[in-house]
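Remarks on the overall topology
Okay, here's what each chain looks like letter by letter:
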Amino acid sequence: MAPRTCSVANALEVVGERWSLLALREVFFGNTRFDQIAANTGASRDVLAARLKKLVAAGVLEKRQYSDHPPRHEYLLTDAGRALHNVMLMLKEWGDAYVTEGPLPLVWQHSCGHVLEPRVVCAACGEEATPESLTDASVSAAS
């Protein structure tokens, strides 16, 4: 039996590695320069350089020169990179609930004044998407 083909597997080819996700976290926080990203992730310089290169090649980040002498670059989110924001929020939410012990290291407050508790909802009806509420429409369409 062949493995299931899906967009989750395809996405993991691009962002499914620790240093890639932590580099993206830093760019979301506004730390766009290599030294900032390296300091805040703890990644070795060679590993981080490889991950950033892969994210640029995949169109998740854009590498832009900000200094000529010496040549220096920063990493900016593309539309594809910005689209990962909700993924990062949900991954943080899962880590808060099931992995992190003790006080949470980071708590987001929404502009409404409440602590953010992200949820995935159906755009059509507004109901929360749960495993029980989902079916594989591609299987139904193929029948």
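An account of the accompanying structure is given in this report. (Residues numbered from 1 in each chain as written. Predicted model: local features only at pLDDT ≥ 70, side-chain atom pairs only at ≥ 80, totals over all residues. Heavy atoms only, no water.)

**Structural notes on the pattern of salt bridges**
Under the counting rule described, the total for this entry stands at nine salt bridges. The closest approach of N and O atoms between Glu17 and Arg51, which form a salt bridge, is 2.8 Å. Residue Glu17 is located in the loop between α1 (7–15) and α2 (18–28), and its partner Arg51 is located in helix α4 (residues 45–57); the two are separated by 34 residues in the primary sequence. The exposure class assigned to Arg51 is partly exposed, which follows from its relative accessible area of 23%. Across the pair Arg45 and Asp35 runs a salt bridge whose closest N-O atoms are separated by 3.1 Å. Residue Arg45 is located in helix α4, and its partner Asp35 is located in helix α3 (residues 34–41); the two are separated by 10 residues in the primary sequence. Linked through salt bridges whose partners overlap, the residues forming this network are Glu93, Glu117, Arg119 and Glu128. (Salt bridge = Lys/Arg side-chain N within 4 Å of Asp/Glu carboxyl O. Helix = DSSP H or I, 4+ residues; strand = E, 2+ residues; numbered from the N terminus. Buried < 20%, exposed > 50% of the residue type's maximum accessible area, 1.4 Å probe, protein only.)

**Description of the packing of aromatic side chains**
One pass over the full model with this rule turns up two aromatic pairs. Considering the side-chain rings of Phe29 and Trp108, the 5.7 Å spacing of their centres and the 45° angle between planes classify their relative orientation as tilted. One end of the pair, Phe29, is in the loop between α2 and α3; the other, Trp108, is in the loop between α6 (85–98) and α7 (137–142), and 79 residues separate them in sequence. For the pair Trp94 and Tyr98, a centre-to-centre distance of 6.1 Å together with 40° between the ring planes defines the contact as tilted. A residue pair is termed a helical-turn pair when its members lie 3 or 4 positions apart in one helix, as Trp94 and Tyr98 do in helix α6 at four residues. With a relative accessible area of 64%, Tyr98 lands in the exposed category. We note Arg18 situated over the ring of Trp19; from NZ or CZ to the ring centre the distance is 4.8 Å. (Phe/Tyr/Trp six-rings, centres within 6.5 Å; stacked < 30°, edge-to-face > 60°. Lys NZ or Arg CZ within 6 Å of the ring centre and 35° of its normal.)

**Re the packing of α2 against α6**
Think of two packed helices as two axes; the pair is described by the angle between the axes and how far apart they sit. Two elements in contact, α2 and α6, have axes whose closest approach is 11 Å; the angle formed by their N-to-C orientations is 110°. Here α6 runs roughly perpendicular to α2, going by the angle between their axes. When the axes of α2 and α6 are compared, the crossing they make is left-handed. Side by side, α2 and α6 meet where Leu21, Leu24, Arg25 and Phe28 of the first sit next to His85, Met88 and Leu91 of the second. Across the contact of α2 with α6, the residue classes tally to five nonpolar, one polar and one charged. (Axes fitted to C-alpha atoms, helices over the stretch in contact; angles between N-to-C directions. Parallel < 35°, antiparallel > 145°, perpendicular 65-115°, else oblique. Left-handed = near helix turned anticlockwise from the far one by under 90°. Contact = heavy atoms within 4.5 Å. Nonpolar A, V, L, I, M, F, W, Y, C, P; charged D, E, K, R; others polar.)

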